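# Coordinate inspection notes
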Amino acid sequence: SEPEFPHSVDPSDLPPGSVNDDPLAPLINAIVHAADMRKASDIVAMRVTQCTSLTNFVVIVSGTSRPQNQAIASAISNDIEELFDGKRCLGK
């Protein structure tokens, strides 16, 4: 028999509570803070657990130039590594 939710997330698998109760909230807050400290603009952090099973959050930031975008990405990577006991961002 086909699953009831063949192309979406089963609502019973969603984490309970508010976004601030999510175990990933400290990580997302650190990412947003690092981007903000490098003057990123249009910062948006979205909890997408109801849309996909691939990830829980998506963070989108904007910069005004390639060097600024590189500085934002580097700051995020460095801050996460420092704040979360040497864990590294993917792609580094």
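This section reports on the structure supplied with the text. Computed from a predicted model, the values in this text were never measured in an experiment. (Residues numbered from 1 in each chain as written. Predicted model: local features only at pLDDT ≥ 70, side-chain atom pairs only at ≥ 80, totals over all residues. Heavy atoms only, no water.)

### Observations regarding a nonpolar patch on the surface
To keep it simple, the criterion reads: For patch detection, residues must exceed 30% relative accessible area and be free of salt bridges, and they are connected within 9 Å for like charges or within 5 Å for nonpolar side chains (Val, Leu, Ile, Met, Phe, Trp, Tyr). Computed with the Shrake-Rupley method and a 1.4 Å probe, the accessible areas treat only the protein chains shown as cover for residues. Within this document, salt bridges are pairs made up of a side-chain nitrogen of Lys or Arg and a carboxyl oxygen of Asp or Glu, the two lying within 4 Å of each other. Helix and strand definitions here come from DSSP, where helices need a minimum of 4 consecutive H or I residues and strands a minimum of 2 consecutive E residues; each element is numbered from the N-terminal end.
Where nonpolar side chains cluster on the molecular surface, the patch consists of V44, M46 and I60 and spans about 220 Å² of accessible area. Structurally, the position occupied by I60 is in strand 2 (residues 57-62).

### Considerations on the nonpolar core
What counts is decided by this rule: To define a nonpolar core, start from buried Ala, Val, Leu, Ile, Met, Phe, Trp, Tyr and Cys residues and group those joined through side-chain atoms within 4.5 Å. Each residue is assigned to one of three classes by its accessible area relative to the maximum for its type, calculated with a 1.4 Å probe on protein chains only: buried under 20%, partly exposed between the two thresholds, exposed over 50%. Should any heavy atoms of two residues lie within 4.5 Å, those residues are considered in contact.
Counting residues in hydrophobic clusters, the biggest one holds ten residues: I28, A30, I31, A34, A35, A40, F57, I72, I76 and I80. Looking at this core, the elements that each hand over two or more residues are helix 1 (25-37) and helix 2 (66-83). Take this core: its biggest share by element is five residues, from helix 1. With residues near it in sequence (within four places) discarded, I72 still touches A35, R38, A40, V61, S62 and G63.

### Comments concerning helix 1
Heads up, the condition is: Helix span, expected: 1.5 Å multiplied by one less than the number of residues in the helix.
An ideal rise of 1.5 Å per residue puts 18 Å on 13 residues; helix 1 measures up with 18 Å between its terminal C-alpha atoms. Here helix 1 has its buried residues at A25, I28, A30, I31, A34 and A35. Packed against the buried residues of helix 1 are strand 1 (41-47), strand 2 and helix 2. K39 sits one or two residues past helix 1 and shows a positive phi near 65°.

### Some words on the pattern of salt bridges
Applying the stated rule across the entire model yields one salt bridge. Here R47 makes a salt bridge to D22, at a shortest N to O gap of 3.2 Å. Highlighted residues: R47 in strand 1 and D22 in the segment before helix 1, separated in sequence by 25 residues. On the basis of relative accessibility, which here comes to 23%, the residue R47 falls in the partly exposed class.

### Here we look at the environment of D36
Topologically, D36 is positioned in helix 1. With relative accessibility at 42%, the residue D36 sits in the partly exposed group. Once the C-alpha coordinates of D36 and V61 are considered, the two residues, 25 residues apart in sequence, prove to be 8.9 Å apart.

### Topic: the packing of helix 1 against helix 2
The line we're drawing: The convention used is that axes are lines fitted to C-alpha atoms, helices contributing only their stretch in contact, and that angles between N-to-C directions extend from 0 to 180 degrees. Roughly parallel means an angle under 35 degrees; roughly antiparallel means over 145; roughly perpendicular covers 65 to 115; every other angle is labelled oblique. Crossing chirality is assigned from the near helix's rotation relative to the far helix, an anticlockwise turn below a right angle marking it left-handed and a clockwise turn marking it right-handed. Any residue outside Ala, Val, Leu, Ile, Met, Phe, Trp, Tyr, Cys, Pro, Asp, Glu, Lys and Arg is labelled polar, Gly included; the first ten of those are nonpolar and the last four are charged.
At their nearest, the axes of helix 1 and helix 2 sit 8 Å apart, and the two run at 140° to each other. Comparing their axes, helix 2 and helix 1 come out oblique. The hand of the helix 1/helix 2 crossing is right-handed. In this structure, helix 1 contributes L27, A30, I31, A34 and A35 to the contact, and helix 2 contributes I72, A75, I76, D79, I80 and L83. Within the contact of helix 1 with helix 2, the residues separate by chemical class into ten nonpolar, no polar and one charged.

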